[in-house]
Structure formats: structure tokens, C-alpha cells
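Letter by letter, the chains look like this.
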Amino acid sequence: MSLINSVANNKIYKTILFLILIFIFIIGGIFIGMTKEMKEKVEQNRELTIKSLEFTMLLWLEQRVKSLESAVIYAGNNGIYNDEEKIVKFNQNFINSNPFFNAVQMLIPQKYFYMDGKKIIDYEKNIAYNEDKNITRAISQPWFIKTKESEKTTINEMKKHHYLHEQTINICTPIKDGAKFVGVFCGILKTDSLFNKIKEIKIPQNFYYFIVDNFGNALTELKNKELLVSIEQTCIEKNRKENISLQVGDDAVSLTKLHGFEWYLGVGVDTHKFLLSNMKKTIIYAIVSFLSFLIMLYFINLIYEFIIKKLSAKKEQYEQLLLHQSRLNEIGGLVSGINHQLKQPINSLSLIISSMSETLKKDELDKELFQSNLALCKSQIWAMNNTINIYRNFYKFDDAISEFDIIKCIKDVILVTKTELNHHNITLKFDKSYESIAVKSIENFIYQILLVLILNSKDAILSQKNSKKREILIEVSQKDNEVEICVLDFGSGVEKSKKELIFEPRQSSKKHGFGLGLCFAKMLSSRRLNGDLRLVSLKNPTKFSLNIQKNLKA
């Protein structure tokens, strides 16, 4: 709490805090502007990347489609499909002149099915040269049916090709004799060859691409499993739309449906990493500037702390002097009480000794009388010793934490002030609800605070003319780890206008007072006893409450 108050009450800390806030505000503004610009850049790069990938894929496929369609036109115009010898030669020439196809296949319904120039099925003779059922059912395969029905070139995905035994792309075009459909000729591409072509495209840092089917199943590697689940759900929810955008965590993803395929080409970017990589230099410069700024503030703070430490040491010395002055002012009024407290037992001792002397002269001093007078002497000596010890506790300055009985502490203060109060016909009543309350605190400071409160109550009663109720009450209560001591009086009270100032220095209602008593009592209770001293009631009665901890920690 003291540190917070120190920061709040010192202009230097306020200035430093203000400069830091301005610096953070400027840097924050720069980063907000840059972030907005970078996000726009992310969108632009993502769109450009997906268009570049799509263009490359389609161009790559178009080259193969055109070569296939040109060959089929030649085959149809020359009636090659009617001559098996020409078919074999045509297939072999096509493979040799088009090395980018991994295989070719030609299916002429009701006649034959050739694969890489080799006859696989002879429909006329009902002979299958391969036992694979997928091959024998070739005429019912989607690639054949789609091409026959559309009479256009189709692109078909096969999970596992019956001849190459891996995932392929079948580019199939119809063979025609004029306007009549004759059969289907297909160029077979391994899917990996398409993916390898895409890998050759350079994409921006922190960007990545992938291909999924229309059900959201990954056809290329996609490490982010959470993203894959979101893509699958989105593809289903969006009913396979042409373009899809989604955000998963820091990843922004765009999906575009490839023409001729039941596939989506996706491009994603980790926005967080992209922003960090592009703002790396700015961040480094900002960090260096901020660290330099902090180092400068650190050295300024060291110098300032050094000055404050010197001033605090001087202030502490000054407060100690004022505290001693306050104590002497309060105790000074009790000096006459010390005289009375000691004179009474001394007079008693004098009388006992005189009595014993007279009895001894008369030879009437027996053992029983001697023991009785001796006990009286010891009790008076103990009373004097106890009084001296109590007064000595007020004069010494001991701030060590010790274990003691708070009830005994209050009784000692009452004993010290009793003579002074009796002299002014003031009664002090102590609510003895507790026989003892053990606390661990600084006893000397509690003495000091209670002495200030009782003497202030005495002065308040004396300042009120014709006071009918000349009494001071002390009440004690405890709850959990706290003890509350209340001092009440029915004196002149506290003016409402002075309620907020009563604990300030130089605020005294006494004619020759210094205004230090309550100020230092408040300071001791809060700073040293970790408690509080409060004005609870202004008048009838005027009530002060002292709260302290039962177990004060060093």
C-alpha cells in the first residue's frame, strides 16, 4: 500500500507512467495500422496463390486433354477402331509421343478393350485376358458411362486403377464416326504426378495448399487435423458450393472447386505466423526501443530512489523526534501522578517502621506481629516497584514484537492515569468482559496510543463546562484475529467540520497543544501495528476505536 501511495504522490512516477503510456499508445497505433494492412495483404496473397495453383493445374490438364482429343479425331477420321492391328499401333504411337500419360486404354463396346495396346477383353469372342472383375466390368465403370452419356471429354478420379493399382486421373474422350458414338479412349495419369506439379509452384511463406474431395476427405497431406474436420463439415453444410471460406483458429482458408473435378483446391495461411514474420523487423525495432526506454527509466528511477532514500531517512529521524516530543507532552502531565503513586507506599512504609520501633521499645514485638508488618512492607515495596516498571515502559522506546496480555496492558495505562483523573474528579470505567486476551504485538505502542486517547478524553471533559457525566469508558472485544479497544467519553466532542482533519498534524483542540498525539497514534496503529484508529462517534459519546491484530507479523 505504501508503494502505491508513493507512486501516486510523486510527480516523477506520474511522469514516467505518462511517458510509458504515450510510448505504448504510439507503438499500439503503429501495430494496429500494420496489422490491418497485413490482413489485407494476406487476403490478396491467398487469392493470388489459389488462382496461380488453379491456373497451373488446369493448364497442365488442358495440354493432356488437347493431345488426347487430337488423337481421337485422327482415329475416328481414319476408322482405326475397325482394325485391331491399327488399334495396337495407334496406342503404341500415342504412348511414345505422349510420355506424360502413365497408361492409355481404349474401349469399343461389343468389340474389345485395349490397355497400353494390349487386348484385355474380346467382347465378340467373350474372352477376358485378365481375371480382374473391375476390368471385365469396364463397360459399367463411371468413366465410360459419363463419357458416353455426355459425348464430351470427362475427367474422372479413380481411387485405385485396376491396371496401375494406385489412385489415378482418367481423362476420357469419346470416339466418334461422324455423329455416331463408337467408344472411349482414355489417357491415365497417376494422381501423384499432378500433386508433384503443384509442388513446383512457389507459394508465400506461412502459406500452404491442399486438395480435398467434395466430401472434405484430404487427397494431399494436411497436418492440421482440426482444420480437416472443419473442412469436412463445411463441405457438407455448404452443399458443395464453388467457393468456400472458413476460419479455424489462426488459419484462414479458401476452397475453390476445380473445373472438371469433384475436388476442392484449398489454400490456407496461419495469419498469426504471417503477421509475425512480416512485422519481425518492426517488432525487433520496437522491442529495442522499448528496452532502451526502460533502461533509461531504470537509471532515472535509481537516481530518484537514492534521493528518496536520503529524504526518507531525514523524514524518519524527524518523525522520531516528533514522536518523542508527543510522548513527552502526554507523559509530562502525569509527572505529578508519579509523585503521588510513590509517596503513598513510602508513607505507609514509614508508619509501619515507626510502629515497629515503638513496639520494640516497649518490648511488645512478638513474632506474629513482626511477620505481619514485614508482609505489609513487602506489599508496599512491590507496589512501588510495579509503579516504577509501568512508568518506565512509557519512557522507553521499544518496538520489538512480543507476546503479552492486552487486558494487563490496559490496566497499566489505567493505573498510570488514575491519579490524574481522580484529581479532576473523572471516573474511568473498564468493561472487564475478558480476564485476559493474549496478543503478539508491540506493547509499547499500544501503551502510547491508549495514553493519548485517555488524556484526550480527559481534556474533552474538562473543556466542557458544567459537565454532568464526568466519566471515560473503555470497552474491549475480539473477533477472529482482531482485538478492538474503544475509548468513550461524554465531553465536548468533535466538530463535524474537523472530523476529516482530526488525525492530521498540527490539529489540536488544546490551548497549548502541538496536535501530534492523535496524528502519531493513527500513524503507529496503521504503519507499525497493521491496524487502524478511527473516530466512530463525534459526541455523546465521543468514541475512538483502535483495531489491532492478535498475531502481528514482523
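Residues numbered from 1 in each chain as written. Predicted model: local features only at pLDDT ≥ 70, side-chain atom pairs only at ≥ 80, totals over all residues. Heavy atoms only, no water.

Engineer: Hey, could you go over the pattern of salt bridges for me, with residue numbers and the actual values?
Structural biologist: Pairing is possible between side chains that carry opposite charge, provided their charged atoms lie close to one another. Enumeration over the complete set of coordinates arrives at twelve salt bridges. Lys119 is the partner of Asp122 in a salt bridge, and the nearest nitrogen-oxygen pair spans 3.2 Å. Between Glu157 and Lys159 there is a salt bridge, with the nearest N and O atoms lying 3.2 Å from each other. Salt bridges here are not isolated pairs; linked through shared partners, they connect Glu84, Lys119 and Asp122. (Salt bridge = Lys/Arg side-chain N within 4 Å of Asp/Glu carboxyl O.)

Engineer: Quick one: what's the story with the packing of aromatic side chains, residue by residue and with numbers?
Structural biologist: This structure, assessed with the given rule, holds ten aromatic pairs. On the basis of an interplanar angle of 85° and a centroid distance of 6.2 Å, the ring pair of Trp143 and Phe144 is categorised as edge-to-face. Residues Trp143 and Phe144 agree in their burial class; the two are buried. Connected via pairs of aromatic rings, a cluster forms that spans Phe90, Phe94, Phe100, Phe101 and Phe185. Lying over the aromatic face of Phe100, Arg64 brings its terminal NZ or CZ to 4.4 Å of the ring centre. Sitting over the ring of Phe490, Lys469 keeps its end group 4.1 Å from the ring centre. (Phe/Tyr/Trp six-rings, centres within 6.5 Å; stacked < 30°, edge-to-face > 60°. Buried < 20%, exposed > 50% of the residue type's maximum accessible area, 1.4 Å probe, protein only. Lys NZ or Arg CZ within 6 Å of the ring centre and 35° of its normal.)

Engineer: Residue-level account of the sheet that holds strand β15 (residues 471–479), with values.
Structural biologist: Overall, mixed pairing links the five strands, which are arranged β13-β15-β16-β18-β17 in an open sheet. What marks the edges here is a single partner per strand, and that holds for β13 (427–430) and β17 (532–537). On average, each strand axis in the sheet is inclined to that of its neighbour by 20°, with strand direction left out of account. Both β15 and strand β16 (residues 482–489) contribute to a ladder of eight bridges, which runs antiparallel. Bridging from a neighbouring strand, Ile472 pairs with Asp489 of β16. Those strands touched by helix α14 (residues 517–528) are β17 and β18 (542–549), and its axis lies near 125° from that of β17. (Pairing = 2+ DSSP bridges. Helix = DSSP H or I, 4+ residues; strand = E, 2+ residues; numbered from the N terminus. Axes fitted to C-alpha atoms, helices over the stretch in contact; angles between N-to-C directions. Contact = heavy atoms within 4.5 Å.)

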